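As a plain string of letters, each chain reads:
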Amino acid sequence: MASLPTTVLETTPSSAQSYHSYLLPSGLRVVIYTDDNPVSYAGYFIGAGSANDPLRFHGVAHFAEHMLFKGTKRRNARQIINRMEEVGADFNAFTTKEDTFVYTAFPYAYFSRVLDMMTDVVCHSSCPEEELLKEREVIIEEINSYLDSPADRIFDEYENLLFHGTPLGHNILGTVQSVERINSEAVRHYMREAYIPQNMVFCYRGKPIDNKRLFEFLQLHFPATPPQEPNPSSVIPTKKNGYYPMPLKREVSHRYKTYQVHRIIGCHAYSMKDEGRIGLTLLNNILGGRGMNSRLNLALREDEGLVYTVESGFYPYRNAGFLSIYFGTTKEKLNRATQVVKKEMERLKTERITDEALRTAKRQFLGQLTVQDDSRESCFLEMGKSFYYFGLYNTPEQVEQQIEKLTPAILQQIACDTFRDEKLLVLTYY
């Protein structure tokens, strides 16, 4: 039988500036970005989220994330908390539909302590039953708090409707019933399946570290073994004529005893690997992005005073994606507000944006990215995700080059492809 390799392979793309990437014999990937800031970031990006939940245990990916902090073979929950807090480190984790990120912001001098702690919780979480019972109640309270907030709940239900019958089509938190079924063995089984080196990236951003010692430490905790297959990526409906099938009902509504009416209008859209993703990102920013000068904010709020809030978002996944437009209004203004939203969507299809307007939109979008890049934590998190899915981390200059290639004709074609009447799904809480 051939021996397993023991050499760490550098995999840094030739276009990379400031970061280096490596592949360990276990399959664990490592990406290191050096700078001179005294605050460092380190973490494990895990390519598994709620889309990997077993049918009976919806919510187990999120539950597992919570249990990381509740005890290992070496430490109990209080020791985990104190070990990080007493040096000022900020220990965090979050779960999405397709991934989990466990990371820490910390003073550079405590890198060894942070590395040991994070690796301990990721590799050796014990999921003690007494802690699980307490955490179950916390998560059920979290679920109930969403149920009490229509403005939050509507987003989860909308996505569930759009991806009904697929792994993407259930709440990240799960339901009260599914969470009550989750026990310690279910969490441990999930982690054994998902938290494997071939399905993970270790990320670091901060002052230079001793790479040799880092690799030795990681290889000790992630020894080379015969390759395991990570949980399969999200399965989504098969495309028909280039589009995903819509739910049987294209308009869904629920009655709530609230003053405000909440509505989402949206559709399936590009995945994170589709060529149109960058163009739709810019188009979404023009339509209803963060700026107060977005078309929807100007038309709905500034011009006619129809809504208190309006926003649009584009959410790409590995093999799917969706775009949604949310607004809150009154029952009397609902129909008019809906007409304005659909008019603005139609304008993007029928009226090609001018060269000057496109230059302005690009300048605004790139300015927003520059401000966002001022947050090292946001950049660190984006680096982990980008490297996991694409094997590289685009610099701001590379992103700018992609944006500058977009033309009015490209954006109009993307609008025609996305905002098709037969693709729209409407969900209303009133």
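See the structure above.
Residues numbered from 1 in each chain as written. Predicted model: local features only at pLDDT ≥ 70, side-chain atom pairs only at ≥ 80, totals over all residues. Heavy atoms only, no water.

**Student:** In this structure, what is going on with the overall build of the protein chain? I would like to understand it.
**Tutor:** Per the secondary structure count, the protein chain includes 15 helices and 12 strands. A globule of 430 residues ought to have a C-alpha radius of gyration of about 22 Å, and the protein chain, at 23 Å, matches this closely. Judged by the C-alpha coordinates and their principal axes, the protein chain covers about 65 × 50 × 45 Å. Classification of the 430 residues of the protein chain by burial places 53% in the buried group. Counting only contacts in the protein chain whose residues sit at least 6 apart along the sequence, the fraction spanning at least 24 positions is 79%. About 20,500 Å² of surface is accessible on the protein chain, with carbon and sulfur atoms providing 51% of the total. Of the charged side chains in the protein chain, 49 are positive and 53 negative, and the gap between their average positions amounts to 3 Å. (Helix = DSSP H or I, 4+ residues; strand = E, 2+ residues; numbered from the N terminus. Rg over C-alpha atoms; globule rule 2.2 N^0.38 Å. Buried < 20%, exposed > 50% of the residue type's maximum accessible area, 1.4 Å probe, protein only. Contact = heavy atoms within 4.5 Å. Areas by Shrake-Rupley, 256 points an atom, 1.4 Å probe, with all protein chains shown as cover. Lys, Arg positive; Asp, Glu negative; His and termini not counted. Charge placed at Lys NZ, Arg CZ, Asp CG, Glu CD.)

**Student:** Explanation requested: helix α1 (residues 60-67) in the structure shown.
**Tutor:** Turn by turn, an α-helix covers 3.6 residues, leaving residues three or four places apart pointing in a common direction. With eight of eight residues buried, α1 lies mostly within the body of the structure. Three or more residues of α1 are buried, namely Val60, Ala61, His62, Phe63, Ala64, Glu65, His66 and Met67. Residues of α1 that are buried in the fold lie against β5 (90-95), β6 (100-107), α4 (129-147), α6 (176-181) and α7 (184-194).

**Student:** In this structure, what is going on with the packing of aromatic side chains? I would like to understand it.
**Tutor:** Think of a pair of aromatic rings as described by two things: how far the centres are apart, and how the planes are tilted against each other in angle. Inspection of the entire model under this criterion finds 25 aromatic pairs. For the ring pair Tyr103 and Phe380, a centre distance of 6.2 Å and an interplane angle of 50° mean the geometry is tilted. On the criterion of sequence distance, the pair formed by Tyr103 in strand β6 and Phe380 in helix α13 (residues 376-390) is long-range, its members being 277 residues apart. Exposure class is identical for Tyr103 and Phe380. Each is buried. An angle of 70° between the planes, with centres 5.2 Å apart, marks the rings of Phe111 and Tyr204 as edge-to-face. With Phe111 in helix α3 (residues 111-124) and Tyr204 in strand β7 (residues 200-206), this residue pair connects regions lying 93 residues apart in the sequence. Using a relative accessible area of 0% as the deciding quantity, one classes Tyr204 as buried. Taken together, the ring pairs connect Tyr41, Phe45, Phe94, Phe101, Tyr103, Phe380, Tyr388 and Tyr389 into an aromatic cluster. (Phe/Tyr/Trp six-rings, centres within 6.5 Å; stacked < 30°, edge-to-face > 60°.)

**Student:** Just checking my understanding: could you explain empty space enclosed by the protein for this structure?
**Tutor:** If a probe the size of a water molecule is rolled over the atoms, the empty space left behind becomes visible. Under the counting rule described, the total for this entry stands at one cavity of 30 Å³ or more. Here the largest cavity defines a volume of roughly 50 Å³. Every residue along the wall of the largest cavity is listed here: Leu283, Ile286, Leu348, Glu351, Arg352, Ile353, Pro408, Leu411 and Gln412. Taken together, the elements giving at least two residues each to the lining of the largest cavity come down to α9 (277-288) and α15 (408-418). Among the elements that line the lining of the largest cavity, the one with the most residues is α15, at three residues. The residue makeup of the lining of the largest cavity, split by class, is six nonpolar, one polar and two charged. (1 Å grid on protein atoms, 1.4 Å probe; cavity = no way out; pocket = protein on both sides within 12 Å on 5 of 7 lines; lining within 4 Å. Points joined across faces, edges and corners; volume = space filled by probe spheres on them. Nonpolar A, V, L, I, M, F, W, Y, C, P; charged D, E, K, R; others polar.)

**Student:** I tried to follow the side chain of Arg318 on my own but got confused; where do I start?
**Tutor:** In this structure, Arg318 sits in the loop between β10 (309-316) and β11 (321-329). In this structure Arg318 is buried but unpaired, with Glu98 as the nearest side chain of opposite charge at 4.1 Å. Only 2.9 Å separates the side chain of Arg318 from the backbone oxygen of Gly47, close enough to count as a polar contact. (Salt bridge = Lys/Arg side-chain N within 4 Å of Asp/Glu carboxyl O. Polar contact = N/O pair within 3.5 Å; in protein donor to acceptor, adjacent residues only side chain to side chain.)

**Student:** Whenever I open this one, unusual backbone geometry confuses me. Can you help?
**Tutor:** Backbone phi values are negative for most residues with the exception of glycine, while trans is the configuration of most peptide bonds. With a phi close to 50°, Cys127 is a non-glycine residue in the positive phi region. By the element assignment, Cys127 lies in the loop between α3 and α4.

**Student:** How do you make sense of the side chain of Asp120 when you look at a structure like this?
**Tutor:** If you trace the backbone, Asp120 turns up in helix α3. Residues contacting Asp120, with those up to four places away along its chain left out, are Thr72, Arg74, Arg75 and Ser125.

**Student:** Could you clarify how one ought to interpret the nonpolar core in this entry?
**Tutor:** The tendency in soluble globular proteins is for nonpolar side chains to be buried side by side. Judged by nonpolar contacts, the single largest core of 56 residues is most densely connected at Val187, Phe202, Leu214 and Leu218. Here the element with the most residues in this core is α3; it accounts for seven residues. Sequence-distant contacts of Phe202, defined by excluding residues within four places in its chain, comprise Leu28, Arg29, Val30, Val31, Ala42, Gly43, Tyr44, Leu115, Met118, Leu214 and Leu218. In this structure, Leu306, Val341, Ile353 and Phe365 belong to the second largest nonpolar core, which totals 41 residues. (Core = buried A, V, L, I, M, F, W, Y, C linked by side-chain atoms within 4.5 Å.)

**Student:** So what exactly am I meant to see when it comes to the sheet that holds β10 here?
**Tutor:** Consider a sheet: its strands pair through backbone hydrogen bonds, and that pairing is either parallel or antiparallel. The strand order β8-β12-β9-β11-β10 describes an open sheet built from five strands, whose pairing is mixed. Looking along the sheet, the strands with just one partner apiece sit at the ends: β8 (251-254) and β10. Across the sheet, the mean angle separating the axes of adjacent strands is 15° when strand polarity is ignored. The pairing of strand β9 (residues 261-268) with strand β12 (residues 425-429) spans five bridges and is antiparallel. The residue of β12 that forms the bridge with Gly266 is Leu425. (Pairing = 2+ DSSP bridges. Axes fitted to C-alpha atoms, helices over the stretch in contact; angles between N-to-C directions.)

So yeah, pure geometry; function would need other evidence.
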